[in-house]
Amino acid sequence: MAEWIYVSDIARYQGEEVTIKGWLYTKRSSGKIHFLQIRDGTGTVQCVVSKNDVSQPVFEISDGLPQESSIIIRGVVRADPRSPIGYEIGVTDVQLVQAAEEYPISPKEHGVSFLMDHRHLWIRSSRQHAILKIRSELIRTCRDYFDQRGFVLLDAPIFTPAACEGTTTLFQVDYFEDKAYLTQSGQLYMEAGAMAFGKVYCFGPTFRAEKSKTRRHLTEFWMIEPEVAYYTLKEDMDLAEDFVEYIVAQVVAKRRQELEYLGREVTKLEKVRKPFPRISYDQALDLLRSNGVDISWGEDFGGDEETILSNQFDRPVMVHRYPAQCKAFYMKPDPETPRLALCVDMLAPEGYGEIIGGGERENNLESLEEQLSQQNLPAEAFNWYLDLRRYGSVPHSGFGLGIERTLAWLCGLHHVRETIPFPRLMERLRP
Ligand code: 4AD
Ligand code: MG
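Residues numbered from 1 in each chain as written. Chains lettered and ligands numbered in written order. Predicted model: local features only at pLDDT ≥ 70, side-chain atom pairs only at ≥ 80, totals over all residues. Heavy atoms only, no water.

### Quick notes on the sheet that holds strand S14 (residues 317–320)
Here's step 1: Read across the sheet, eight strands follow the order S7-S11-S12-S19-S18-S17-S14-S13 without closing on themselves; strand pairing throughout is mixed. The strands lining the two open edges of the sheet, one partner per strand, are strand S7 (152–153) and strand S13 (278–280).
Here's step 2: Along the sheet, helix H9 (residues 303–310) contacts strand S17 (343–348) and strand S18 (353–360); its crossing angle with S17, the most-contacted strand, is approximately 70°. (Pairing = 2+ DSSP bridges. Helix = DSSP H or I, 4+ residues; strand = E, 2+ residues; numbered from the N terminus. Contact = heavy atoms within 4.5 Å. Axes fitted to C-alpha atoms, helices over the stretch in contact; angles between N-to-C directions.)

### Focus on the packing of helix H6 (residues 233–261) against helix H12 (residues 403–411)
Here's step 1: Here H6 crosses H12 at 55°, and the two axes come no closer than 11 Å. When the axes of H6 and H12 are compared, the pair comes out oblique. You can see that H6 and H12 cross each other, and the crossing is right-handed. Side by side, H6 and H12 meet where Val244, Ile247, Val248, Val251 and Leu259 of the first sit next to Thr406, Trp409, Leu410 and Cys411 of the second.
Here's step 2: Considering only residue class, the contact of H6 with H12 consists of eight nonpolar, one polar and no charged. (Parallel < 35°, antiparallel > 145°, perpendicular 65-115°, else oblique. Left-handed = near helix turned anticlockwise from the far one by under 90°. Nonpolar A, V, L, I, M, F, W, Y, C, P; charged D, E, K, R; others polar.)

### Focus on the pairing of S17
Here's step 1: Within S17, six of the six residues are buried, which leaves the element mostly enclosed by the surrounding structure.
Here's step 2: Burial along S17 is two-sided: Cys343, Asp345 and Leu347 facing one way and Val344, Met346 and Ala348 facing the other are all buried.
Here's step 3: Across four bridges, the pairing between S14 and S17 is antiparallel. By the bridge assignment for S17, Met318 is matched with Met346.
Here's step 4: Bridging between S17 and S18 involves six bridges; their strand directions are antiparallel. Note that in S18 the partner of Val344 across the bridge is Gly358.
Here's step 5: Taking the residues that link successive antiparallel strands as the turn, the S17-S18 hairpin has four residues, and the phi of Glu350 there is positive, at about 60°. (Buried < 20%, exposed > 50% of the residue type's maximum accessible area, 1.4 Å probe, protein only.)

### Comments concerning the packing of helix H10 (residues 365–374) against helix H11 (residues 383–390)
Here's step 1: Orientation of H10 relative to H11, taken along the N-to-C sense of each, is 155°, at an axis distance of 9 Å. As the angle between them shows, H10 and H11 are arranged roughly antiparallel. Two secondary-structure elements touch here, H10 through Leu365, Leu368, Glu369 and Leu372 and H11 through Tyr385, Leu386, Arg389 and Arg390.
Here's step 2: Tallied by class, residues from the contact of H10 with H11 come to five nonpolar, no polar and three charged.

### Regarding the site of ligand 1
Here's step 1: For ligand 1, the set of nearby residues contains 22 residues, the closest of which are Glu165, Gln187, Arg208, Glu225 and Glu354.
Here's step 2: Taking Gln187, its side chain carries an N or O atom lying 2.7 Å from a nitrogen atom of ligand 1.
Here's step 3: Separating a nitrogen atom of ligand 1 from a backbone N or O atom of Arg216 is a distance of 3.4 Å.
Here's step 4: When the free accessible area of ligand 1 is taken as 630 Å², the share hidden by the protein chains comes to 94%. (Near = heavy atom within 4 Å. Polar contact = N/O pair within 3.5 Å; in protein donor to acceptor, adjacent residues only side chain to side chain. Areas by Shrake-Rupley, 256 points an atom, 1.4 Å probe, with all protein chains shown as cover.)

### Comments concerning the environment of Trp122
Here's step 1: Structurally, Trp122 is set in helix H3 (residues 119–122).
Here's step 2: A relative accessible area of 10% places Trp122 in the buried class.
Here's step 3: Each C-alpha atom of the pair Trp122 and Gln325 lies 43 Å from the other, and the pair is 203 residues apart in sequence.

### Quick look at the domain arrangement of the protein
Here's step 1: The domain architecture assigned to the protein consists of domain 1 (3–98) and domain 2 (119–418).
Here's step 2: For domain 1 and domain 2, the distance between their C-alpha centres works out to 46 Å.
Here's step 3: With six residues of domain 1 at the interface, the matching set in domain 2 holds five residues.
Here's step 4: Together, the buried faces of domain 1 and domain 2 total about 380 Å²; carbon and sulfur atoms form 37% of this surface.
Here's step 5: When residues of domain 1 are sorted by the area they lose upon contact with domain 2, Tyr25, Arg39 and Gly41 head the list and together hold 71% of the total.
Here's step 6: A salt bridge links Arg124 to Glu68, with the shortest nitrogen-to-oxygen separation between them at 2.8 Å. (Domains from an automatic or database assignment. Buried area = accessible area lost by both parts, 1.4 Å probe. Salt bridge = Lys/Arg side-chain N within 4 Å of Asp/Glu carboxyl O.)

### Comments concerning helix H8 (residues 281–290)
Since there are 3.6 residues in each turn of an α-helix, residues three or four apart along the chain are aligned in direction.
Here's step 1: Among the residues of H8, those classed as buried are Tyr281, Ala284, Leu285 and Leu288. In an axial view of H8, the angular spread of the buried residues amounts to 105°, which keeps them on one side of the axis.
Here's step 2: Packing partners of the buried residues in H8 comprise S13, H9 and S14.
Here's step 3: Within two residues after H8, Gly292 carries a phi angle of roughly 85°, on the positive side. (Arc of directions from axis to C-beta.)

### Digging into the sheet that holds strand S9 (residues 172–175)
Here's step 1: Sheet architecture is open: three strands sit in the order S8-S10-S9, paired in antiparallel fashion. Each having just a single partner strand, strand S8 (159–160) and S9 make up the two edges of the open sheet.
Here's step 2: In this sheet, strand S10 (residues 178–182) lies alongside S8 in antiparallel orientation, the contact comprising two bridges. Pairing of Thr160 across the sheet is with Tyr181, part of S10.

### Focus: a nonpolar patch on the surface
Here's step 1: A contiguous nonpolar surface patch, about 380 Å² in accessible area, is contributed by Phe159, Tyr175 and Phe176.
Here's step 2: Its location among the elements puts Phe159 in strand S8. (Patch = residues over 30% accessible without salt bridge, like charges linked within 9 Å, V, L, I, M, F, W, Y side chains within 5 Å.)

And the structure:
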C-alpha cells in the first residue's frame, strides 16, 4: 500500500509511489491525458492521468469529474521543473470518494456578498488559504512572544457582569435569572492576574455591538492582552513596540511566500524596526490640522483621522496621552496634566490605523471610584475590581492588540472581513 502523504511533504518522496487524499481544484484534459490539480489542504499538486498508464474505468472516473469532488489518488512522485512545487504525480490509480455537485464558486469574478454567503466554501481558495495561514502564524507568534518572556497565560471569562469598554457596545445575553454581557476585553481580569502573577496575558474572542459598518469593525474579534504589574506607561510602550517589531519580523520570515502571493510589498513590512515614532495627542492634533482636518481638542480620533496620521510614517506610530474625557474609566490621569490619560494607541502605517490600545491603569482606590461614578458605571459590579486597589495596589499597565486589524495590515487587505475564518459583522451572522 502506497504511503499516505501530504502535498507539503512531497519533496521527501521523489520516485516513490504515494497516496494523496484531497479534492479536485481544477482539471484540464487533452484527449489521452487528464491533468488534475489536487489540493489536500497543505498544498496543490498536479496529478497526470495518462490513458496508457491506468485502467479504462480509472481513466473514465477522472473524465467528467466536477470541481471539489473528493478523491484519493495513488501515483509516483516525479520531479517537474515547471511545477510551482517542483514535483508532479504520475497517477496509477484514482478512487472517487464523492462526486461533488456543481460547485458554486467558479474561477469567474463573484461579488463580495456572494462570496461571504459561501464563506464555508470560499476558505478553500488559494487567496483565503494564504490569509488564514498568515493568521495562524501571527497568532502563534503573538503567543510565543509572551510565552518566551515568562508571561502566564490566563484565560479571561467570556460572560461578564459589566462593561470594560463603554456601555454602548455591549452584547447582552440571558444568564438564567440574571443578565450577562459578552466580554469586550479581558483587561480587568488581567489586572487581577498581574497582581497574582506579575506578568500575564490572555488571548481570546471579544465582542462589541459596534453599529458601524466600516472596514475596521467586526462584532467579534480576537485580542491578545498582556498586563504587567509595576509597569508605567513608558514601559508599556516599550513592550508594545518590541512586541510588534517581533511579530512582524517573524511573520515575514515564516510566511513570505503567502505574503507575496497576496501581492504584499514585503519591503514595507521590513521597515518595521524599532524605534517607532511616539507623539502626544496634542502633537497628533497639530499634524491633523496641518493636513486640513477640522477637529477640536477632546475628541477621540476616528478611522479617517487615524488613516491620515498613520500615513505620515513608514512604521507604526504610538500616540499617547489622549484627553481623559474621551477614554475609558480605568485610565490613570497624567499627574502632570490630569486632563490627559496615560494611555497609548499604536497606529499601523499605510493608513491602517489603530491596532493597539492600552496604557497605565488608575491604581488609586478613591480616584477610581470617582472615575466610575463620573462615567455612571455601577460601583457594585466593579467591587471585585476595586479590591485590587484595596489589597496591595501598584502601578500597572497593559494593552490589547487586535488580531484582525493587525492581519489586515500585514496582508495589505482593505477590509477586515477576510482576516477571520467566519466574520461577524453588523449585518453578517451567517454562515
Ligand atoms: O482600544 P481597545 O478598545 O482597548 C481595549 O479593549 C483595552 N481594554 C485593551 C487593554 O488595554 N487590555 O481595543 C484594543 C484593540 C484595538 O486597538 C483594535 O486593534 C481591536 O482591539 N479592536 C477591534 N478590532 C476589530 N473590530 C473591532 N470592532 C475592534 N475594536 C477594537
Ligand atoms: Mg482603542
